[in-house]
Amino acid sequence: MPSLPPLTVFDVETTGLDPKKGHRIVEIAGVRIENGIIQETTAFSTFVNPERDIPWEVRQVNHITDDMVRDAPTIMTVLPQFLEFAQGTALVAHNASFDLGFLECEKEFCWGYIEIPSVLCTMRLSQSLYPTAFRHNLDSLAERLKLTLPTPQDRHRALPDVLLTANALLKMLEEGRIMSMDELRRKAGLNQPAMLKR
């Protein structure tokens, strides 16, 4: 990956699916990839106090409880810290439009003074590289790439999902022989035509 700049793969866990309906981030994690190496020992990971209750059905998915986030910092503190961690990198997420939608809404709690950089999407990259595959969710992608999934208790937690996504990204960069940022943007950019989500 010599001609690609540093990347930050990130993930958010939330109280629900729609930030425009008042759902909030409860956990955010990120890991940098520099010179093709995942910098796991310096990963960013923190709970976020969503300043609202976490619905029961969401707790069943991500296993994050109100007690776990009660004393956590709010997004007003966490989002600037995360963006500082990611400074000088391109952001990458799986199903990035979901994560980006939350970041865009949550930045309003930071007085709107924060600019969210553009985000590349590993789901879009998967759709581009494997157009005949039926599914492109993270579990299906990991299975296709022969990556080990986190335990059920850790799946849908920000840091385990970030590490899985980062490993999937590196494998796809290798399999797709993607050597430049321009090519990665063409295949993984959110401005590409949307494909049917599976």
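1. As for the confidence of the model for the protein chain
Per-residue confidence for the protein chain gives a mean pLDDT of 92, with 94% of residues at or over 70. Below a pLDDT of 50 lies the segment residues 193–198, which in the model reaches 11 contacts outside its immediate sequence neighbourhood of four places, other chains included.

2. Here we look at helix H8 (residues 181–188)
Considered for burial, the residues of H8 that qualify are Met181, Glu183, Leu184 and Ala188. Viewed end-on, H8 has its buried residues packed into an arc of 160°, placing them on one side of the element. Its buried side turned inward, H8 meets strand E1 (7–14), strand E5 (90–93), strand E6 (119–121), helix H5 (122–129) and helix H7 (158–175).

3. Let's talk about a nonpolar patch on the surface
Together, Met76, Trp111 and Tyr113 make up an exposed nonpolar region whose accessible area comes to about 460 Å². Structurally, Met76 can be placed in helix H3 (residues 75–85).

4. Here's the deal with the nonpolar core
The biggest cluster of nonpolar side chains holds 32 residues, and the ones touching the most others in it are Val9, Ile33, Leu169 and Leu184. Breaking this core down by element, the ones donating at least two residues are E1, strand E2 (25–34), E5, helix H6 (138–144), H7 and H8.

5. Describing the state of the cysteines
Scanning the model with the defined rule gives 0 disulfides in all. In this structure Cys105 is not part of a disulfide, and its nearest cysteine sulfur, from Cys110, lies 12 Å away. Cys105 gets classed as partly exposed once you look at its relative accessible area, which sits at 23%.

6. Let's talk about the packing of aromatic side chains
Taken as a whole and judged by the stated rule, the model has 4 aromatic pairs. Seen from their ring centres, Phe98 and Phe102 are 5.0 Å apart, and the 55° between their planes marks the pair as tilted. Taken together, the positions of Phe98 and Phe102, both in helix H4 (residues 96–106) and 4 residues apart, correspond to about one turn of that helix. The exposure class of Phe98 is partly exposed, given its relative accessible area of 25%. Its relative accessible area of 0% is what places Phe102 among the buried residues.

Calculation criteria
- Residues numbered from 1 in each chain as written.
- Predicted model: local features only at pLDDT ≥ 70, side-chain atom pairs only at ≥ 80, totals over all residues.
- Heavy atoms only, no water.
- pLDDT = per-residue confidence, 0-100.
- Contact = heavy atoms within 4.5 Å.
- Buried < 20%, exposed > 50% of the residue type's maximum accessible area, 1.4 Å probe, protein only.
- Helix = DSSP H or I, 4+ residues; strand = E, 2+ residues; numbered from the N terminus.
- Arc of directions from axis to C-beta.
- Patch = residues over 30% accessible without salt bridge, like charges linked within 9 Å, V, L, I, M, F, W, Y side chains within 5 Å.
- Areas by Shrake-Rupley, 256 points an atom, 1.4 Å probe, with all protein chains shown as cover.
- Salt bridge = Lys/Arg side-chain N within 4 Å of Asp/Glu carboxyl O.
- Core = buried A, V, L, I, M, F, W, Y, C linked by side-chain atoms within 4.5 Å.
- Disulfide = S-S within 2.5 Å.
- Phe/Tyr/Trp six-rings, centres within 6.5 Å; stacked < 30°, edge-to-face > 60°.

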